[in-house]
Structure formats: structure tokens, C-alpha cells
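Each chain is listed here by its residues.
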Amino acid sequence: MALKVIGISASPRLNGNSDLLLRQALSGAESAGAQTEYLRLADYKIAPCIECNSCYKTGRCVVKDDYHLISAKMLDADRIIFATPIFFMTVCAQAKILIDRCQCLWAHKYVLKKPLITTGRDRRAMVIAVGGSKSKKMFDCIRLTMKYFFDVLDVNYAANLFVNKMENPGQIKEHPSAMKEAFALGQKLVSPDTHPPEKPIDIELT
Ligand SMILES: Cc1cc2nc3c(=O)[nH]c(=O)nc-3n(C[C@H](O)[C@H](O)[C@H](O)COP(=O)(O)O)c2cc1C
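Figured I'd write up the structure that's included with this text. (Residues numbered from 1 in each chain as written. Predicted model: local features only at pLDDT ≥ 70, side-chain atom pairs only at ≥ 80, totals over all residues. Heavy atoms only, no water.)

### Things to note about the packing of helix H5 (residues 103–111) against helix H6 (residues 140–152)
Direction vectors running N to C along H5 and H6 enclose 60 degrees, while the axes themselves pass 9 Å from each other. Seen from above, H5 lies across H6 with left-handed handedness. Residues Leu 105, Trp 106, Lys 109 and Tyr 110 of H5 touch H6, and the partners they reach there are Tyr 148, Asp 151 and Val 152. Its residues assigned to classes, the contact of H5 with H6 shows 5 nonpolar, no polar and 2 charged. (Axes fitted to C-alpha atoms, helices over the stretch in contact; angles between N-to-C directions. Helix = DSSP H or I, 4+ residues; strand = E, 2+ residues; numbered from the N terminus. Left-handed = near helix turned anticlockwise from the far one by under 90°. Contact = heavy atoms within 4.5 Å. Nonpolar A, V, L, I, M, F, W, Y, C, P; charged D, E, K, R; others polar.)

What follows is the structure in C-alpha cells.
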């Protein structure tokens, strides 16, 4: 059966740089036989976590909105590709809101000590992030946040594709190698021959 890959685009800009890379990575995964789904967080209504701690008792979030739909898709997927612009040195707000809402999964696992339905599956994830400037520490925050997020989701952190010095929407198409790297990483993410890596493959391009 084909692997299910979900691509989550957090950029508020349609055809933004991270969005274009994500779609390229999904094409790569599709070319290697995977079944892919693309979604833009901007098309969904997701409220921020209110830290009511109801999930500490039930493992479920009481806030009724599109989070539940996206959470179900993330838990069902064999592979997740998460794409975000760098805003103030970390993920953009749309991404952070979704990440914070996964606190109910954290509570399910670590407060209630119940396994997620994903336990035991080979699930892997990749991060795509694009920033406008070039700073040495630009991707430090995102590495940590995504590691913690993927741990909660029971996915192996398999790869990063980080690109800096991209400011204008669509500029990434002029980059000499970024689109090709995204396609190749998408293919690799679904390759049946590879084992989950111990450390994420790290590609950082200027
Ligand atoms: C609110 C905001 C904050 C930003 N913060 C940073 C930043 O901290 N570092 C950086 O290099 N670029 C920053 N940028 C620039 C974006 O990362 C850049 O334009 C990127 O290409 C956007 O990706 P997208 O096209 O996928 O949305 C910021 C842009 C905005 C609008």
C-alpha cells in the first residue's frame, strides 16, 4: 500500500517560498509512489491553546475548531512535511498555533500515560523553513521546537531543508538548487530502502 504523506503549509502567503518548496517535496514523494495530501493552515480556523488543562483529564482538546481535523490527518499519515517561513527567528504564528494545540497529545502520552494510536509505526517527518536574511542562528529555534513537536506526534525527525536570504514571494524558484533538493528529499522521505536516520539530514542553503 502507498505511504500517506501530508504536507502542511504554514505560510500566510500562497505561493510563498516555503509553500513552493513543500509542493516540490510532495511531487518528489508522489514520483516515488506515495499518496500525498497538501493543506494550507491559512484555509482552516484554529484557535490558540488556552491552557485550560482539560486535556490533562481526558487527553482531548475541548476547543471546537479545525484543529481536530488536522490532528487526525497528522496521526494518520506515514510521513509529514511541515513548511514554515521564519518569523522572528522561529516558526510563523499559524504554525505555532497548531503546534501548541497538540498539547492534548502531550497530555495523552505523558500525563495520562496512554499511547497514541500511532505507536509502533514507522512514521517520519521533514521540515522546510525559509528566512529572508542570513543569520548564523536562524534555524536554532525551529530545530528545537520541531524536535519536541515530532516527539509528541510519535514521528521520527528525518530531514530539514532550510533556505535563507529569500525575501520576495516566489524568489525560491530562482535559487540554483533549492527546488531540486526539495524534490529529492521528498523522494527520500518515502524510500522503502532507507531506515529512519539517527539525526535529521540537514540541508541548509543560501
Ligand atoms: C513577521 C515577519 C517576521 C520575519 N522574521 C524574520 C526573521 O526573523 N528572520 C529572517 O531571516 N526573515 C524573517 N522574515 C522574512 C521571511 O522569513 C521571508 O520573507 C520568507 O521568504 C517568507 O517565507 P514564505 O515566502 O514561505 O512565507 C520575516 C517576515 C515577516 C513578515
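So that's the structure; there's more coming.
### Some points on empty space enclosed by the protein
Leftover empty space is mapped by rolling, across the atoms, a probe with the size of a water molecule. Evaluated as defined, the whole model comprises 1 cavity of 30 Å³ or more. Taken as a whole, the largest cavity encloses approximately 130 Å³ of empty space. For the largest cavity, the lining is made up of 15 residues, of which Cys 49, Glu 51, Cys 52, Cys 55 and Cys 61 are closest to its centre. Among the secondary structure elements, those contributing two or more residues to the lining of the largest cavity are helix H4 (93–101) and H5. Among the residues forming the lining of the largest cavity, the class breakdown is 8 nonpolar, 3 polar and 4 charged. (1 Å grid on protein atoms, 1.4 Å probe; cavity = no way out; pocket = protein on both sides within 12 Å on 5 of 7 lines; lining within 4 Å. Points joined across faces, edges and corners; volume = space filled by probe spheres on them.)

### Describing the site of the ligand
What surrounds the ligand is a group of 17 residues, the closest being Ser 11, Ser 18, Ile 86, Ser 133 and Met 166. Contact between the ligand and Ser 11: an oxygen atom at 2.6 Å from a side-chain N or O atom of the residue. Backbone polar atom of Phe 88 to a nitrogen atom of the ligand: 2.8 Å apart, as the coordinates give it. In isolation the ligand offers 640 Å² of accessible surface; the protein chains occlude 78% of this area. Taken together, the elements giving at least two residues each to the shell around the ligand come down to helix H1 (17–31) and strand S3 (79–87). Here the shell around the ligand gets 3 residues from one element, more than from any other, and that element is S3. Among the residues making up the shell around the ligand, the classes are represented as 8 nonpolar, 7 polar and 2 charged. (Near = heavy atom within 4 Å. Polar contact = N/O pair within 3.5 Å; in protein donor to acceptor, adjacent residues only side chain to side chain. Areas by Shrake-Rupley, 256 points an atom, 1.4 Å probe, with all protein chains shown as cover.)

### Focus on the environment of Leu 14
Positionally, Leu 14 belongs in the loop between strand S1 (4–9) and H1. Taking the C-alpha atoms as reference points, Leu 14 and Val 190, 176 residues apart in sequence, are found 26 Å from one another. Beyond its immediate sequence surroundings of up to four residues, Leu 14 is in contact with Tyr 38 and Arg 40.

### Focus: the pattern of salt bridges
The tally for this structure, following the rule as stated, stands at 13 salt bridges. In this structure, Glu 37 and Lys 73 form a salt bridge, with 2.7 Å as the shortest nitrogen-oxygen distance. Taken together, the residues span a long stretch of sequence, with Glu 37 in strand S2 (residues 35–40) and Lys 73 in helix H3 (residues 67–76) at a distance of 36 residues. Asp 100 is paired through a salt bridge with Lys 96; the nearest N and O atoms lie 2.8 Å apart. You can see Asp 100 and its partner Lys 96 sitting in helix H4, 4 residues apart, about one turn around the helix. What makes Asp 100 partly exposed here is its relative accessible area of 31%. Among the ionic contacts, a cluster of salt bridges with common partners joins Arg 79, Asp 122 and Arg 124. (Salt bridge = Lys/Arg side-chain N within 4 Å of Asp/Glu carboxyl O. Buried < 20%, exposed > 50% of the residue type's maximum accessible area, 1.4 Å probe, protein only.)

### A short note on the packing of aromatic side chains
Evaluation of the coordinates by the stated rule reveals 6 aromatic pairs. Taking the centre distance of 6.0 Å and the plane angle of 50 degrees together, the rings of Tyr 56 and Trp 106 count as tilted. One end of the pair, Tyr 56, is in helix H2 (residues 55–58); the other, Trp 106, is in helix H5, and 50 residues separate them in sequence. The class of Tyr 56 is partly exposed, set by a relative accessible area of 28%. With a centroid separation of 4.3 Å and 5 degrees between ring planes, the pair formed by Phe 139 and Phe 162 is classed as stacked. With a gap of 23 residues between them, Phe 139 in the loop between strand S5 (124–130) and H6 and Phe 162 in strand S6 (residues 156–163) connect regions that are remote in the sequence. As far as burial versus exposure is concerned, Phe 139 and Phe 162 are alike and both buried. (Phe/Tyr/Trp six-rings, centres within 6.5 Å; stacked < 30°, edge-to-face > 60°.)

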